Amino acid sequence: MLSNKHPVSKENRRGMVLIIVVVAILFTALAVKCSSLSEKNDSYVRQIGTLEQKITDEKERSKSIETFRNYTHTNAYVEKIAREKLGLVYPDEVIFQPRE
């Protein structure tokens, strides 16, 4: 009985081992790069969250500034500043000051 299988030569074995080693090295390099990219992606996700929070904070601050700006254009604000900073009063007002 003759077998149809060809015996594997030493050269073929060396070639197969070399291919397996190269594939293993490539797979390892790919796994390391994938891990590195995953860590980088996680860092970007955290950075996006931080930046979105800053955007929200700045929008709230902008609304606050706009509200204050609108308030500064009212007569109530002008009157308040005139009383506090300049000590002005209406002509018909009487100011009582405590005696020392």
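Throughout, residues of each chain are indexed from 1 in the direction in which the sequence is written. The model is predicted, so local features are restricted to residues of pLDDT at least 70 and side-chain atom pairs to those at 80 or more, both for listing and for counting; the totals for chains, interfaces and linings are taken over all residues. Side-chain metrics rest on all non-hydrogen atoms present in the structure, leaving aside hydrogens and water.

Counting from the N terminus, the helices are DSSP H or I runs at least four residues long and the strands are E runs at least two residues long. Each helix and strand in the protein was counted, giving two helices and zero strands. The C-alpha atoms of the protein give a radius of gyration of 40 Å, which is well past the 13 Å a tight globule of 100 residues would have. Each principal axis of the C-alpha atoms in the protein carries an extent, and together these give about 130 × 30 × 20 Å. The protein chains shown are the only cover counted for residues, whose accessible areas, like all others here, come from Shrake-Rupley with a 1.4 Å probe. With the model as given, the accessible surface of the protein reaches about 10200 Å², and the carbon-plus-sulfur share is 61%. Think of it this way: Lys and Arg go in the positive column, Asp and Glu in the negative one, and His and the chain ends go nowhere. For charged residues, the charge sits on one atom: NZ in Lys, CZ in Arg, CG in Asp, CD in Glu. Across the protein, the centroid of the 16 positively charged side chains sits 18 Å from that of the 13 negatively charged ones. Here the radius of gyration uses the C-alpha set of atoms, whereas the globule reference equals 2.2 Å times the residue count to the power 0.38.

Salt bridges are defined by distance alone: a side-chain nitrogen of Lys or Arg within 4 Å of a carboxyl oxygen of Asp or Glu. According to the stated counting rule, one finds four salt bridges in the structure shown. Between Glu58 and Arg61 there is a salt bridge, and its shortest N-O distance comes to 3.5 Å. Taken together, the residues Glu58 and Arg61, both in helix 1 (residues 10–72) and three residues apart, mark about one turn of the helix. Partly exposed describes any residue whose relative accessible area lies between the buried limit of under 20% and the exposed limit of over 50%, with all areas from a 1.4 Å probe on protein chains only and scaled to the type maximum. Residue Glu58 is classed as partly exposed on the basis of its relative accessible area of 45%. Arg83 is paired through a salt bridge with Glu79; the nearest N and O atoms lie 3.4 Å apart. Remark: Glu79 and Arg83 occur in helix 2 (residues 75–86); sequence separation between them is four residues, near one turn of the helix. With a relative accessible area of 33%, Glu79 lands in the partly exposed category.

Comment: axis = line fitted to C-alpha atoms, over the contacting stretch for helices; angle = value between 0 and 180 degrees taken between N-to-C directions. Remark: helix 1 packs on helix 2, axes separated minimally by 6 Å, with the N-to-C direction vectors making an angle of 75 degrees. If you check the angle between helix 1 and helix 2, you find them roughly perpendicular. Two secondary-structure elements touch here, helix 1 through Phe68, Tyr71 and Thr72 and helix 2 through Ala76, Tyr77 and Lys80. Residues are grouped as follows: nonpolar covers Ala, Val, Leu, Ile, Met, Phe, Trp, Tyr, Cys and Pro; charged covers Asp, Glu, Lys and Arg; every other residue, Gly included, is treated as polar. Class assignment of the residues belonging to the contact of helix 1 with helix 2 gives a composition of four nonpolar, one polar and one charged. Between 65 and 115 degrees an angle is taken as roughly perpendicular, under 35 as roughly parallel, over 145 as roughly antiparallel, and anywhere else as oblique. Throughout, a residue-residue contact means that at least one pair of heavy atoms, one from each residue, lies within 4.5 Å.

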